[in-house]
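# Breakdown of the fold
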Amino acid sequence: MRSMADIQTIVNQLGKLSVDLDNAVDLLCEIEEIAVDAEADYKKAFAEAFEGGIGPVESRKQQAVIKCDKLYRISGKAQAAVRKQVQHLRALHARIEVGRTIQSTARAEIALTNAGVR
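Computed from a predicted model, the values in this text were never measured in an experiment. (Residues numbered from 1 in each chain as written. Predicted model: local features only at pLDDT ≥ 70, side-chain atom pairs only at ≥ 80, totals over all residues. Heavy atoms only, no water.)

### Some points on the nonpolar core
Condition: Among buried residues, the Ala, Val, Leu, Ile, Met, Phe, Trp, Tyr and Cys ones that are joined through side-chain atoms within 4.5 Å form a nonpolar core. Burial classification: accessible surface area is computed with a 1.4 Å probe over protein chains only, and a residue below 20% of its type maximum counts as buried, one above 50% as exposed, and the rest as partly exposed. Helical segments are the DSSP runs of H or I of at least four residues, strand segments are the runs of E of at least two, and each set is numbered from the N terminus. Contacts: residue pairs with any heavy atoms within 4.5 Å of one another.
In this structure, L21, V82, L89, L92 and I96 are the most contacted members of the largest nonpolar core, which totals 17 residues. Contributions of two or more residues to this core are made by α1 (4-52) and α3 (69-114). For V82, the residues in contact, after removing those within four places along its chain, are L28, I31, E32 and A35. Y42, A45, A49 and F50 belong to the second largest nonpolar core, which has six residues in total.

Here it is, written out as structure tokens:
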């Protein structure tokens, strides 16, 4: 059986998770901006390298790929960071839902106990 102290602990944990969720959303917004800028930097550099390349189209493409390798990797890593943060948000949402379920169950147990039901 749970006590009011258990309920308070659950409430405190839910409060912390709520703050964590807010912080995670803010971080996601920042990471998304970085990812957009990184992708734009890559695309612009690729276009410039392609246009400045010499030879047939396929040769210019490969020259641009080589010149823009670092920017391509930065863009890819930024996009991966966005995906990771989205997964973190989903995990926080799931933890909050579990906490709410536990809290609801604990309250019901206390109410039944107070009503004399065992």
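### Let's talk about the side chain of Q103
Within the fold, Q103 resides in helix α3. Looking at Q103, the relative accessible area reads 15%, which means it is buried. Ignoring any residue separated from it by four or fewer positions in sequence, one finds Q103 in contact with I7, I10, V11 and L14.

### Topic: the packing of aromatic side chains
Here a ring pair, both rings aromatic, is described through the centre-centre distance and the interplanar angle of the planes. Formally: A pair of aromatic rings is counted whenever rings of Phe, Tyr or Trp (Trp by its six-membered ring) have centres within 6.5 Å, and the orientation is called stacked for planes under 30 degrees apart, edge-to-face for over 60 and tilted otherwise.
The final tally for this structure, using the stated rule, is two aromatic pairs. Taken together, a centroid distance of 5.9 Å and an interplanar angle of 50° make the contact between Y42 and F46 tilted. A residue pair is termed a helical-turn pair when its members lie 3 or 4 positions apart in one helix, as Y42 and F46 do in helix α1 at four residues. One aromatic cluster is present, built from ring pairs that chain together Y42, F46 and Y72.

### Topic: the side chain of Q85
Looking at where Q85 falls in the secondary structure, it is placed in helix α3. Setting aside residues up to four positions removed in sequence, Q85 forms contacts with A24, L27, L28 and I31.

### Here's the deal with a negative patch on the surface
Going by this rule: Distance thresholds for patches are 9 Å for like charges and 5 Å for nonpolar side chains (Val, Leu, Ile, Met, Phe, Trp, Tyr), applied to residues having over 30% relative accessible area and no salt bridge. What sets the accessible areas is the Shrake-Rupley method with a 1.4 Å probe; for residues, cover comes only from the shown protein chains. Salt bridges, as used here, are contacts in which a Lys or Arg side-chain nitrogen is within 4 Å of a carboxyl oxygen on Asp or Glu. Positive charges come from Lys and Arg alone, negative charges from Asp and Glu alone, with His and the N- and C-terminal ends not counted. Charge positions come from single atoms, namely NZ of Lys, CZ of Arg, CG of Asp or CD of Glu.
Taken together, the side chains of D22, D26, E30, E32, E33, D37 and D41 define an acidic patch exposed on the protein surface. Its place among the elements puts D41 in helix α1.

### Quick notes on the pattern of salt bridges
Per the stated rule, a full pass over the model turns up six salt bridges. A salt bridge links E58 to K61; its shortest N-O distance comes to 4.0 Å. Of this pair, E58 and K61 both sit in helix α2 (residues 57-67), three residues apart, roughly one helical turn. You can call E58 partly exposed: its relative accessible area is 47%. Notably, a salt bridge pairs E97 with R100, separated by 2.9 Å at the nearest N-O pair. One end of the pair is E97 and the other is R100, both in helix α3 and three residues apart, which spans about a single turn.

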